[in-house]
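Coordinates in review
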Amino acid sequence: MLNAARQLGVDLGSVCGGVGLCGRCQITPVFGDFPKHQISSSEAALTKATATEGEYEARKGLTIGRRLGCMADICGDVVVDVPATSQVHRQVIRKELELVDLVVDPVSTLHYVQMEAATLETTIGTTRRLAQALRDQWAMEHITVDPRALRDLQAAGDTCTVVIRDGVVAAVWPGFHETTYGVAIDVGSTTIAGYLLDLTTGEQLSSGGLMNPQIRFGEDLMSRVSYVMMNEGGDRLLTDLVQGALNDLVGDLAKQAGIERTEILEITLVGNPIMHHLFLGLDPRPLGEAPFKLTTDESITVPASSVGIKAHPNAAAYVLPCIAGHVGADTAGVILSDQPHTRSPIALLVDVGTNAEIVLGNQDRLLAASSPTGPAFEGAQISAGQRAAPGAIERVRIDRATLEPRFKVIGNDAWSTENPDLDPTGICGSGIIEAIAELFLAGVISEDGVVLDRPSDRVVPDGRTFSYVLADGITITQNDVRAIQLAKAALYAGIRLLMDKLDIDVIDEIRLAGAFGSHINVMYAMILGLIPDCDLTKVNSAGNAAGAGAVMALLNRDARREIETVVRRIEKIETATEPAFQAHFVDAMAFPHKTAAYPHLSQKIELPQRAAPAAQGRRRRRPSQEEST
Ligand code: FES
């Protein structure tokens, strides 16, 4: 049956090569009349179950009605089902990461071989005996052996399982070895996220993340480059830190999955250009000043050990290509996972971190740029700001009449009005966006971003300006509003610039990637003008799209070729040198932005009075416009 499947091009798996060990070739014969196929399928059409199948059933169990395809010989017309689990190129279904339809077809594949025993007369070495066995048993031609696998080959004996990567034997285990593993890693400047997967089934076995230890050298990327510029050996230190974190993460993921880290054969990595250079041990300084020169904008495959990861001695790390000096392999991952280059609607992808990477376009043209938003969206530069962690305010509502707030903190489902004991520790990026948008809607913040005096105990003088007291010890200050205005103006101006280049005024769909994109309420993003006007139903989160791209490159060899080709087509726009960027930036400082049409929001929310009347009844010195800007 296995041979017939191969001849007919039916997708039926095998690791053991047809000796009844792996169970990957399972099929379900179906009996009866099949007018559609014009045949009758009967039990006599297959040979009886063999002793090997009995042994397999005793060892691993076999679902009733199933046979091992490699053991069942065909004697007549028969209809068989190939269960999804027996397909080599099986579909991956995963909820945690958003993956487009993907078949498992990794660069590393397992093959069980039985070499001819060496005799006194044998004049060829084991590598050639192996190549011969692979030719005879797997129809694989011109296979060579990586010198680093020779010791394992020597120790394995004549019956072994080999891993073949790009026509080269990369690993050898004695006897039958069932599976190999891979890890996909998204190296962010704040957090590093990883996913461990079974490379034969595509199943995700564990996931996890840790803080990037470089953070003590600065929240934003430029402060890390500055550290390297000002400190001899600083690049080595930052490389050691990130590589150490990668190694720790892989160790954690292996432990969680209950496997040995030496069973991990493949790693894929994405990251912004500075992280990319640092984890590869490259000097990031050329990325810190014009012309923001990338050392390479091609994909790279290096030994996993050279990025500090202890795994199988021959494990390889594939790094997705960077796109431009400010647009990294993480954006390549976002593109691979979201596939804007395969669709006709004009899509905007935004990955907000300490920089915002922006991709705009469709199957015809794709543009990319980076906007210097700074870390305000991550809670930095905000007086009570903190990262999105338990205790941080993440949702805010403000009563339009009384100006009394309600809020939710991460880690607790109740609103503050239902649970007065909520004791927030700070406010995270999504919380500050909601707070400022709600204050804008409530008329406490003007279109120009000025915190206005209002007759409420919540609005208090703060030097020459006013602040809004959201909770005990947590206030929204004038400076906080300014920080968000600057960040959102940079983001909006970058997007607008790309729209100009494409000569469009309307975007068909918007996808917000990354942690910020997952948490932010898109309606509030639009109220403040972070993103252009778009049908709200067409704006959604892409989750960790960069990580999903890394997983795709881990599980599917064609995905690597795809992104390598697509990045060559991307038009890179440098925001720093475009005069229009400055003009858009200035226009975008207002809430939501100068040209806002409030197209869909007006049906959902009550928009603020454009010229809110001055507060009456309380005497407090009002800051002048000059003081507050
Ligand atoms: Fe391995 Fe059939 S091919 S058990």
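Procedures and definitions
- Residues numbered from 1 in each chain as written.
- Predicted model: local features only at pLDDT ≥ 70, side-chain atom pairs only at ≥ 80, totals over all residues.
- Heavy atoms only, no water.
- Helix = DSSP H or I, 4+ residues; strand = E, 2+ residues; numbered from the N terminus.
- Buried < 20%, exposed > 50% of the residue type's maximum accessible area, 1.4 Å probe, protein only.
- Contact = heavy atoms within 4.5 Å.
- Areas by Shrake-Rupley, 256 points an atom, 1.4 Å probe, with all protein chains shown as cover.
- Pairing = 2+ DSSP bridges.
- Axes fitted to C-alpha atoms, helices over the stretch in contact; angles between N-to-C directions.
- pLDDT = per-residue confidence, 0-100.
- 1 Å grid on protein atoms, 1.4 Å probe; cavity = no way out; pocket = protein on both sides within 12 Å on 5 of 7 lines; lining within 4 Å.
- Points joined across faces, edges and corners; volume = space filled by probe spheres on them.
- Nonpolar A, V, L, I, M, F, W, Y, C, P; charged D, E, K, R; others polar.
- Salt bridge = Lys/Arg side-chain N within 4 Å of Asp/Glu carboxyl O.

Glancing now at the overall build of the protein chain. Looking only at helices and strands, one finds 16 helices and 27 strands in the protein chain. Each principal axis of the C-alpha atoms in the protein chain carries an extent, and together these give about 105 × 65 × 50 Å. Within the protein chain, buried positions represent 57% of all 629 residues. Of the contacts made within the protein chain by residues no fewer than 6 positions apart, 67% connect residues no fewer than 24 positions apart. Accessible surface, the protein chain as shown: approximately 26,800 Å² in total, 49% of it carbon and sulfur.

So, on to the sheet that holds strand β7 (residues 144-145). Read from one edge of the open sheet, 4 strands run β6-β8-β9-β7, paired in mixed fashion. Of all the strands in the sheet, the pair left with one neighbour each is β6 (108-114) and β7. As paired elements, β6 and strand β8 (residues 159-165) share 7 bridges and run antiparallel to each other. Paired with Gln 114 across the two strands is Thr 159, which belongs to β8. Relative to the sheet, helix α3 (residues 126-138) contacts β6, β7, β8 and β9 (168-174), its axis offset from that of β6 by approximately 100 degrees.

In the predicted model, the protein chain carries a mean pLDDT of 88, and 92% of its residues have values of at least 70. When mean pLDDT is compared element by element in the protein chain, strand β15 (residues 316-319) scores highest at 98, while helix α16 (residues 625-628) scores lowest at 40. Note on residues 609-629: pLDDT under 50 across the span, and 41 contacts to partners over four residues away in sequence or across chains.

Roughly 840 Å³ of internal volume is contained in the largest pocket. In this structure, the largest pocket is lined by 37 residues; those nearest its centre are Thr 191, Glu 378, Gly 514, Ala 515 and Phe 516. Counting only elements with at least two residues in the lining of the largest pocket, the list comes to β10 (181-187), β11 (191-198), α8 (329-338), β16 (347-352), α9 (429-441), α11 (514-519) and α13 (545-555). In terms of residue count, α11 provides more of the lining of the largest pocket than any other element does, 5 residues in total. Across the lining of the largest pocket, the residue classes break down as 15 nonpolar, 16 polar and 6 charged. The computed volume of the second largest pocket comes to approximately 650 Å³. If you trace the second largest pocket, you find 31 residues lining it, with Gly 13, Ser 14, Val 88, Thr 109 and His 111 closest to the centre. Ranked by the residues each element gives to the lining of the second largest pocket, the list is headed by β6, at 4 residues. Grouping the amino acids of the lining of the second largest pocket by side-chain chemistry returns 12 nonpolar, 13 polar and 6 charged.

This part covers the sheet that holds strand β20 (residues 405-409). Neighbouring strands of a sheet are bound in pairs by backbone hydrogen bonds; such pairs are parallel or else antiparallel. The strand order across the open sheet built from 3 strands is β20-β19-β21, with neighbouring strands paired in mixed fashion. Strand pairing shows two members of the sheet lacking a second neighbour, β20 and β21 (426-427), which therefore form its edges. Sheet analysis places strand β19 (residues 392-398) next to β21, joined by 2 bridges and oriented parallel. In the strand pairing of β21, Ala 392 is matched with Gly 426. Contacting β19 and β21, α9 crosses the sheet at an angle of about 15 degrees to β19.

Okay, the pairing of strand β17 (residues 356-361) next. For β17, the tally of buried residues reaches 6 of 6 residues, placing the bulk of the element in the interior. Burial along β17 is two-sided: Ala 356, Ile 358 and Leu 360 facing one way and Glu 357, Val 359 and Gly 361 facing the other are all buried. Sheet analysis places β16 next to β17, joined by 6 bridges and oriented antiparallel. Of the residues in β17, the one forming a bridge with Asp 351 is Glu 357. Bridge count for β17 against strand β18 (residues 366-371) is 6 bridges, and the pairing is antiparallel. Bridged to Val 359 within β18 is Ala 368. Following β17, the chain reverses through 4 residues before pairing antiparallel with β18.

Let us look at the pattern of salt bridges. Close approach of charged atoms lets side chains of opposite charge pair. Applying the stated criterion across every chain, the model contains 22 salt bridges. Two residues, Asp 105 and Arg 557, come together in a salt bridge whose shortest N-O distance is 3.6 Å. Taken together, the positions of Asp 105 in the loop between β5 (79-81) and β6 and Arg 557 in helix α14 (residues 557-569) put the pair 452 residues apart, joining distant regions of the chain. On the basis of relative accessible area, Asp 105 is assigned to the buried category, the value being 17%. When the shortest N-O distance is used, the salt bridge between Lys 501 and Glu 578 registers 3.0 Å. Remark: Glu 578 occurs in the loop between β27 (571-572) and α15 (579-587) and Lys 501 occurs in helix α10 (residues 478-502); sequence separation between them is 77 residues. Relative accessible area serves as the criterion here: at 21%, Glu 578 is assigned to the partly exposed category. Several salt bridges share partner residues, and in doing so they unite Asp 338, Arg 343, Glu 509 and Arg 511 into one network.

The next subject is the pairing of strand β13 (residues 264-271). Burial runs high along β13: 8 of the 8 residues are buried. Here β10 pairs with β13 via 7 bridges, running parallel. Its bridge partner being in β13, Gly 182 is matched across the sheet by Glu 266. One ladder, built from 4 bridges, connects β13 with β15; its direction is parallel.

On to the side chain of Ser 446. Note that Ser 446 resides in the loop between α9 and β22 (459-462). In this structure Ser 446 comes out as buried when scored by relative accessible area, which is 18%. Every residue in contact with Ser 446, bar those within four places of it in the chain, is listed here: Phe 440, Leu 452 and Phe 591.

Counted according to the given criterion, the structure contains 1 cavity of 30 Å³ or more. By volume, the largest cavity amounts to about 50 Å³. Taken together, Val 350, Val 352, Leu 491, Leu 512, Phe 516, Gly 517, Ile 520, Ala 525 and Leu 530 form the lining of the largest cavity. Among the secondary structure elements, those contributing two or more residues to the lining of the largest cavity are β16 and α11. Of the residues contributing to the lining of the largest cavity, the split by class is 8 nonpolar, 1 polar and no charged.

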